[in-house]
Amino acid sequence: MKVGKYVLCIKDKYLTPWDTQPRRASVSIMSNIAEGFERAGRAEFHQFLVIAKGSAAEVRSQLYVALDAEYINQDKFNQLKEIAEE
């Protein structure tokens, strides 16, 4: 996910919980899709897709937090939000 790539570019010495949480959530999206795909049945796959969708919502929510805290400007927020909604 492109939002995750942006968060990964932030130097570790500047990381706060607001920086690391979007990173973890964006990685969780792909991880849950992969784990669900490898499960035994359609119901389990669906369950993991729902979890991945929740993680995507979490990433979008964290973008608002970053904007409100002035970690990112409005232009960067708009760019990342658009990517996150793809």
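Data block above holds the structure.
Predicted model only: the values in this text are computed from it and were never measured.

Participant: Which residues make up the packing of helix α3 (residues 42–68) against helix α4 (residues 74–84), and what are the values?
Facilitator: Helix-helix packing: each pair is described by the crossing angle between the helix axes and the interaxial distance. Two numbers describe how α3 lies on α4: the axes approach to 10 Å, and their chain directions differ by 180°. Here α3 lies roughly antiparallel to α4, going by the angle between them. Residues Arg-60, Leu-63, Tyr-64 and Leu-67 of α3 touch α4, and the partners they reach there are Gln-74, Phe-77, Leu-80, Lys-81 and Ala-84. Taken together, the residues of the contact of α3 with α4 break down into 6 nonpolar, 1 polar and 2 charged.

Participant: Tell me about α4, and name the residues and values.
Facilitator: An α-helix turns once every 3.6 residues. As a result, residues three or four positions apart point the same way. Within α4, the full set of buried residues consists of Phe-77, Leu-80, Ile-83 and Ala-84. Projected down its long axis, α4 shows its buried positions confined to an angular sector of 130°, all on one face. Looking at α4, the residues exposed on the side facing more than 90 degrees away from the buried face are Asp-75 and Glu-82. Among the residues of α4, the N-terminal cap falls to Asn-73, whose side-chain oxygen and the backbone nitrogen of Asp-75 are separated by 3.1 Å.

Participant: Tell me about the nonpolar core, and name the residues and values.
Facilitator: Here is a general trend for soluble globular proteins: nonpolar side chains tend to be buried in one another's company. Core analysis: the largest hydrophobic core is formed by 7 residues, namely Leu-63, Ala-66, Leu-67, Ile-72, Phe-77, Leu-80 and Ala-84. Where this core is concerned, the elements lending two or more residues are α3 and α4. Counting 5 residues, the second-largest nonpolar core is a separate cluster that includes Ala-25, Ile-29, Ala-56 and Val-59.

Reading the values: rules and limits
Residues numbered from 1 in each chain as written. Predicted model: local features only at pLDDT ≥ 70, side-chain atom pairs only at ≥ 80, totals over all residues. Heavy atoms only, no water. Axes fitted to C-alpha atoms, helices over the stretch in contact; angles between N-to-C directions. Helix = DSSP H or I, 4+ residues; strand = E, 2+ residues; numbered from the N terminus. Parallel < 35°, antiparallel > 145°, perpendicular 65-115°, else oblique. Contact = heavy atoms within 4.5 Å. Nonpolar A, V, L, I, M, F, W, Y, C, P; charged D, E, K, R; others polar. Buried < 20%, exposed > 50% of the residue type's maximum accessible area, 1.4 Å probe, protein only. Arc of directions from axis to C-beta. Polar contact = N/O pair within 3.5 Å; in protein donor to acceptor, adjacent residues only side chain to side chain. Core = buried A, V, L, I, M, F, W, Y, C linked by side-chain atoms within 4.5 Å.

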